Each structure stands twice: as C-alpha cells, then as structure tokens.
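# Structural overview
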Amino acid sequence: MTWDWNFVFQILPDLLVGVWYTILITIGSAAIALIGGLLLAIFENVSTRAGRLVVRFFLGLFKGVPILVLLYFGYYLLPQFGLTLPAMAIGIAVLGLVYAAFCSEVYRGGLITIPAGLRDASVALGLSPYVMWRRVYVPLMIQRASPALINYVLTLFRQTSFLFAIGVPVLIGKAQVAGYQSFRYLEPFTVAGALYLALNIPFLFLLSRFKTKYA
Amino acid sequence: MKAVLEYWPALYQGLLTTIWVAMCSITGAAVGSLILGPLRMSSSRGVRLFALFIIEFIRGASALVALFWVFYSLPSMPHMPRLSPMVASILVLSLIGASYGAEIVRGGILAIPRGQLDASHALGLGKFRTLTKVVLPQALSQIVPSFAGLAADMVKWTSIVSFVGVRDLVYVGDSIRTATYETVSVYVVLGAIYWALCFICELIFQCVEHFLPLNKALRVTKCRSQPVPRAQMQTEGVKP
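All of the points below concern the structure found in this document. Since this is a predicted model, take the numbers as computed values, not measurements.

Calculation notes
- Residues numbered from 1 in each chain as written.
- Chains lettered and ligands numbered in written order.
- Predicted model: local features only at pLDDT ≥ 70, side-chain atom pairs only at ≥ 80, totals over all residues.
- Heavy atoms only, no water.
- Helix = DSSP H or I, 4+ residues; strand = E, 2+ residues; numbered from the N terminus.
- Buried < 20%, exposed > 50% of the residue type's maximum accessible area, 1.4 Å probe, protein only.
- Areas by Shrake-Rupley, 256 points an atom, 1.4 Å probe, with all protein chains shown as cover.
- Lys, Arg positive; Asp, Glu negative; His and termini not counted.
- Charge placed at Lys NZ, Arg CZ, Asp CG, Glu CD.
- Salt bridge = Lys/Arg side-chain N within 4 Å of Asp/Glu carboxyl O.
- Axes fitted to C-alpha atoms, helices over the stretch in contact; angles between N-to-C directions.
- Parallel < 35°, antiparallel > 145°, perpendicular 65-115°, else oblique.
- Left-handed = near helix turned anticlockwise from the far one by under 90°.
- Contact = heavy atoms within 4.5 Å.
- Nonpolar A, V, L, I, M, F, W, Y, C, P; charged D, E, K, R; others polar.

## Quick look at the overall build of chain A
Within chain A, the secondary structure is distributed over eight helices and zero strands. The order of α-helices and β-strands along chain A, N terminus first, is α-α-α-α-α-α-α-α. In terms of overall dimensions, chain A has a C-alpha envelope of 75 × 50 × 25 Å along the principal axes. Taking all 215 residues of chain A together, 47% fall into the buried category. Accessible surface, chain A: about 10900 Å² in total, of which carbon and sulfur atoms supply 70%. With 15 positive and 6 negative side-chain charges, chain A shows a spacing of 13 Å between the two charge centroids.

## Comments concerning the pattern of salt bridges
Pairing between side chains of opposite charge can happen when the charged atoms of each approach one another. Residue and element names in this part refer to chain B. Counting across every chain of the model gives 12 salt bridges over all chains. Note that Glu103 is salt-bridged to Arg40, the shortest N-O span being 3.4 Å. Here the residue Glu103 occupies a position in helix H5 (residues 85–110), and Arg40 occupies one in helix H2 (residues 8–40), the gap between them amounting to 63 residues. Glu103 sits in the partly exposed class, given a relative accessible area of 25%. Residues Asp153 and Lys156 are paired through a salt bridge, measuring 3.4 Å at the closest nitrogen-oxygen approach. Within this pair, Asp153 and its partner Lys156 are both found in helix H7 (residues 127–157), separated by three residues, close to a single helical turn. A relative accessible area of 24% places Asp153 in the partly exposed class.

## A word on the packing of helix H3 (residues 67–77) of chain A against helix H8 (residues 169–180) of chain B
Axis separation between H3(A) and H8(B) bottoms out at 11 Å; the angle between their running directions is 15°. The angle between H3(A) and H8(B) places the two elements in the roughly parallel class. Handedness of the H3(A)/H8(B) crossing: right-handed. For the pair formed by H3(A) and H8(B), the contact residues are Leu68(A), Val69(A), Tyr72(A) and Tyr76(A) on the first element and Val170(B), Asp174(B) and Arg177(B) on the second. Residue composition of the contact of H3(A) with H8(B), by class: five nonpolar, no polar and two charged.

## A look at the packing of helix H5 (residues 116–124) of chain A against helix H6 (residues 129–159) of chain A
All names here are of chain A. At a minimum axis separation of 11 Å, H5 and H6 run at an interaxial angle of 165°. Here H5 lies roughly antiparallel to H6, going by the angle between them. Taken as a pair, H5 and H6 cross one another with a handedness that is right-handed. Across the interface between the two elements, Leu118, Arg119 and Ser122 of H5 pack against Met132, Val136, Tyr137 and Leu140 of H6. Within the contact of H5 with H6, the residues separate by chemical class into five nonpolar, one polar and one charged.

This is a description of form; function is not addressed.
Laid out in structure tokens, this is it:
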C-alpha cells in the first residue's frame, strides 16, 4: 500500500476537528488540574490530621489507578446514579482530577522550599491567613512549580488521546474512524501522529529553554 | 460483587498478562534508557542530536498514537512486519518508557561531580569504562528512585494495550462488565488491582535500591548519604 495524498487531504478536515476537540479538552482539564492542585496543596497544608489523610487517600487513588479505568468508571457509573453527562465533560473532569493530584504534589514541593521566615514575617506584620496565602505563599508556589506544571500540561495534552475510549472525537478517535471507514490505516495514524508531534514539540522545546533559564 | 468474583479465573489470566507486559516493558525501558541517556550526552554533536530527536519524537506522540501507528500503520509500509498485539505493545511501551527514562539517567549522570570524570580521565580510563565503572554505579542511586516512579506509571500505561486486543485486565474487565452488568464492582476491582500493582512495583524498586553499589558501600562504611556539615563535625566529633 502506498501513500495517497488525495486521501490525506480528504481526511484532513475531519482530523482538524479532532485537533480542535483535543485543544479544548486540554484547556478545560488543565484549568481544573492547575487550580484544583493548588487548592489541594493548600488544603493539605492547613487541614487537620484527618483531613490530610483524606487528601492523601484521594491522591493515592488518582495516582495509582490508570486513567482508562477511571474514565470507564465515570462513564458507566454516573448514569447509574441518574447523572447523564456528555462523555466530553466526564473526560475533562477525570483528566483534570488525575492531574490535579499530580500538580498538588508539585505545588507541595514548592511550598516546602519556602523558608519558614516568611511565615514569621507575615505573622509579625499581622497579615490574616487569607492575605498571607493569597499575597505571599501562592505566588511563590506558582513561581517555583511552574516548569514542572507546564510539563504536566503537556503530558495532559498527550493523554487526551485516552478520551477516544469513551467516544469523544479527539484527534486519534477521528483518525481511527477514518481508518476503519476506508480500511486505510497508514495515512490517518501517520497524519494524527504528525499533528500530535507538531503541536507538542514546539512547547517541549520552549519548556527546555524555560527550564535552563529559570531552574 | 459475587458475580464478578465468579469470573476470577479470567481476571487472573488478565492480571498475569498485565504483569507480563509491565515486566517486559519496564525491563526494556530500563535497558533503553541506559543506552539513550548516555548517548544524549555524547561529546559528538551528531549523536547527541540524534538521541535528542529520538527521545522527543517518541515522547511527543502520545503512547496511544504510537501504539496504533505501530500496530495498524506499520504493516502497510513496504517490508515491514505485522507485529502481534503483544509484541507491538511491549515494543511501544518500552520505547516510550526509555525516552522518559533517558532524561532520568541524564539527570543522574549530571549529578556526578565533574572531578570524578577528570580523575577517570587522569587514570587513563576510556569513556565507556568511565561510564560503566565510575559514573553509573554512583549515578544509579539517584536514577533508581526516579525510575521507580516511572515504572509505576508504566504499570498504569499497560492499560492501553487492551485497545489492540491484548487480553489484559482492562480487556477482561470490559468483557465481564458486558456479561454481568456489574459495572461498579468490576471497575472497583480493577482499580484496586492496579493500585496494588503500582504499590508492589514501588516496593520492588525499594528492594533494588537496597542493593545498589553506592548505597551498599555507604552502609558498609556506615556513612550517612549526606555529608555531615563541617560545623556539626567539629562540635560532635566524627565517630570512627
């Protein structure tokens, strides 16, 4: 079987729709992951021993179970409780929660490198805990965590391909449909792979530049 | 839950398949990253760029895309073999693991003080022997803990092999779900098994860490892994 450019151009619009979905899902779940991870890290820091155990349990759950199993779990389980969400919402939520667990570890790593003197200084200045977190700790945490966080967002982008398992038309899902409709698997997957690379490698390159500059 | 446990023999087969795929691909990734990592730091620009290209190329395409490409598209190219689902999945997972592991190996090697390299050079050791006899034995105690995290991730990545028809845990779980409609219990069991597998994987790597040359040497000399600060040494006195 040889490479057929006509076929490539025929399926390209469909694949680009997949790219659009992929980007949309990445943005949605990255927002959940980055904000949720920050909140989890703060909550773990300020909560009591019991609260910390609960957070640890959820982190272990989301980090120890494959995304695929969690996706199927959400997809088949929620309707049994009468909650019928579109597959895409479930996918965004699951990816977001899993990566919130990963991101919270990163934020926590940033938090423990902040010297204790800052807390003392905030107390001495009479800052309320809210202001202390909002103005002192969170900016520092974000600054220290940002290279690792960007890395996770890029990983998240690659992992969106799992969502095709529950029928979300992400790039790889579109490629598979194009493949089995025409029994030509060479072009759809090659083009899909090239698109993933084209969207990913510039950011990986920028990230490595960013890391050498700031870390 | 009872209905699911009746299918335990099938689930057990799936578990064995998952463990087999995970073991093969983690081993493959370890070997691959030990090759790619040093190549990535080669003194020749060509080799370095080649290794960088391979690493970014494999990493940039997601695991699923790579797997589908190798399984569906590769046989369409001339002179390419049609791989069985198992071989294709182990190959792809190993390559992806190796491309992530190469960065870990690189980090570990970079952490070795430059003086060690100069000393080996002064002793007349070649590059390969410097790497295998001096740098890697020390770097391994940095590499292995990070690699343990990657290995636990790889156990989870094995779940994608069900898409090309390897009868692993997810595949078996899905057929049990369609047979019994016990969705909740099937996925609770699957989640628990995967969680336990990750946990066991980390335990195994903790054992491996115990037998690394540097850690062993440190235990023999009863030295702490971090050097004692000078001020502390003077006040406490170093115990013989």
